[in-house]
Amino acid sequence: MATVQIPIPLDTPDATGKAYPALSTGNGFSNVRQLVPAFVKDVDGSWTGRIRVPQDFASTAKIILSLVANATSGATRMLVSTSAVADGESEDPAYTDEAAQDVTVPATAKLRKDVTFTLTPTVAAGDTLNVKVTHNGIHANDTLAVDTLLWECLFQYATA
């Protein structure tokens, strides 16, 4: 049994402009030039995407978010929601929310901070896994004074 991580492309921000594609260089980065999903500080926003669960999936479905902020203090509140759709099922199911997590940024600006969400819904090989990543920016625990950048969203699982 091995552990595998697959990137999940998050391609749809919420329609209200509370999540947006951000150029890393526009957020104080000098050397890395890439578009990343971003969340506006102090407001709620979501990004969604999907992947096909690989055929060698055995167990332990997790979503790992790699977050970056151009700040040295504060916390950002993140939530992951998923729905697994098998062949012959509706592609419009309700999402299942995992517990929100308050993620304290590292004491050095622009450092990556990983946070893991273990999925509670049943996921099976061949399913389409719909993923929604939400920033709960209006929550009292969200104290980050800058936008939250979502550097990576990964699906991690154990192989058969």
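In this report, we go over the structure that sits alongside the text. (Residues numbered from 1 in each chain as written. Predicted model: local features only at pLDDT ≥ 70, side-chain atom pairs only at ≥ 80, totals over all residues. Heavy atoms only, no water.)

**What about the overall build of the chain?**
Phase 1: On a plain count of helices and strands, the chain comes out with zero helices and 12 strands.
Phase 2: The helix and strand sequence of the chain, counted from the amino end, reads β-β-β-β-β-β-β-β-β-β-β-β.
Phase 3: Since a compact globule built from 160 residues should have a radius of gyration of about 15 Å, the 16 Å found for the chain is in line with a globular shape.
Phase 4: Dimensions along the principal axes, computed over C-alpha positions, put the chain at roughly 45 × 35 × 25 Å.
Phase 5: Scored against the burial criterion, the 160 residues of the chain give a buried share of 44%.
Phase 6: Look at the contacts in the chain between residues 6 or more apart in sequence, and 79% of them connect residues 24 or more apart.
Phase 7: Of the roughly 7800 Å² that the chain leaves accessible, carbon and sulfur atoms contribute 50%.
Phase 8: Here the chain holds 11 positive side-chain charges and 17 negative ones, and the gap between their average locations is 9 Å. (Helix = DSSP H or I, 4+ residues; strand = E, 2+ residues; numbered from the N terminus. Rg over C-alpha atoms; globule rule 2.2 N^0.38 Å. Buried < 20%, exposed > 50% of the residue type's maximum accessible area, 1.4 Å probe, protein only. Contact = heavy atoms within 4.5 Å. Areas by Shrake-Rupley, 256 points an atom, 1.4 Å probe, with all protein chains shown as cover. Lys, Arg positive; Asp, Glu negative; His and termini not counted. Charge placed at Lys NZ, Arg CZ, Asp CG, Glu CD.)

**Quick word on the side chain of Asp127**
Phase 1: One can find Asp127 in the loop between strand 10 (113-118) and strand 11 (128-136).
Phase 2: Of the side chains bearing the opposite charge, Arg52 lies closest to the buried Asp127, which forms no salt bridge; the N-O distance is 7.8 Å.
Phase 3: For Asp127, the side chain forms a polar contact with the main-chain nitrogen of Ala124, separated by 2.9 Å.
Phase 4: The contact partners of Asp127, leaving out residues within four places of it in the chain, are Ile51, Arg52, Val53, Ala84, Val85, Ala86 and Thr122. (Salt bridge = Lys/Arg side-chain N within 4 Å of Asp/Glu carboxyl O. Polar contact = N/O pair within 3.5 Å; in protein donor to acceptor, adjacent residues only side chain to side chain.)

**Thoughts on the pattern of salt bridges**
Phase 1: By the definition in use, this model includes four salt bridges.
Phase 2: A salt bridge links Asp42 to Lys41, with the shortest nitrogen-to-oxygen separation between them at 4.0 Å.
Phase 3: Given a relative accessible area of 37%, Lys41 falls into the partly exposed group.

**Regarding unusual backbone geometry**
Phase 1: The phi dihedral of Asp42 falls on the positive side, at around 65°, and the residue is not glycine.
Phase 2: Residue Asp42 is classed as partly exposed on the basis of its relative accessible area of 42%.
Phase 3: We note that Thr60 has phi near 60°; this positive angle belongs to a residue other than glycine.
Phase 4: Mapped onto the elements of the fold, Thr60 is located in strand 6 (residues 57-68).

**Quick notes on the packing of aromatic side chains**
Phase 1: Under the definition given, this model contains three aromatic pairs.
Phase 2: On the basis of an interplanar angle of 40° and a centroid distance of 5.8 Å, the ring pair of Phe57 and Tyr157 is categorised as tilted. Here the residue Phe57 occupies a position in strand 6, and Tyr157 occupies one in strand 12 (residues 148-159), the gap between them amounting to 100 residues.
Phase 3: Judged by its relative accessible area of 12%, Phe57 is buried. (Phe/Tyr/Trp six-rings, centres within 6.5 Å; stacked < 30°, edge-to-face > 60°.)

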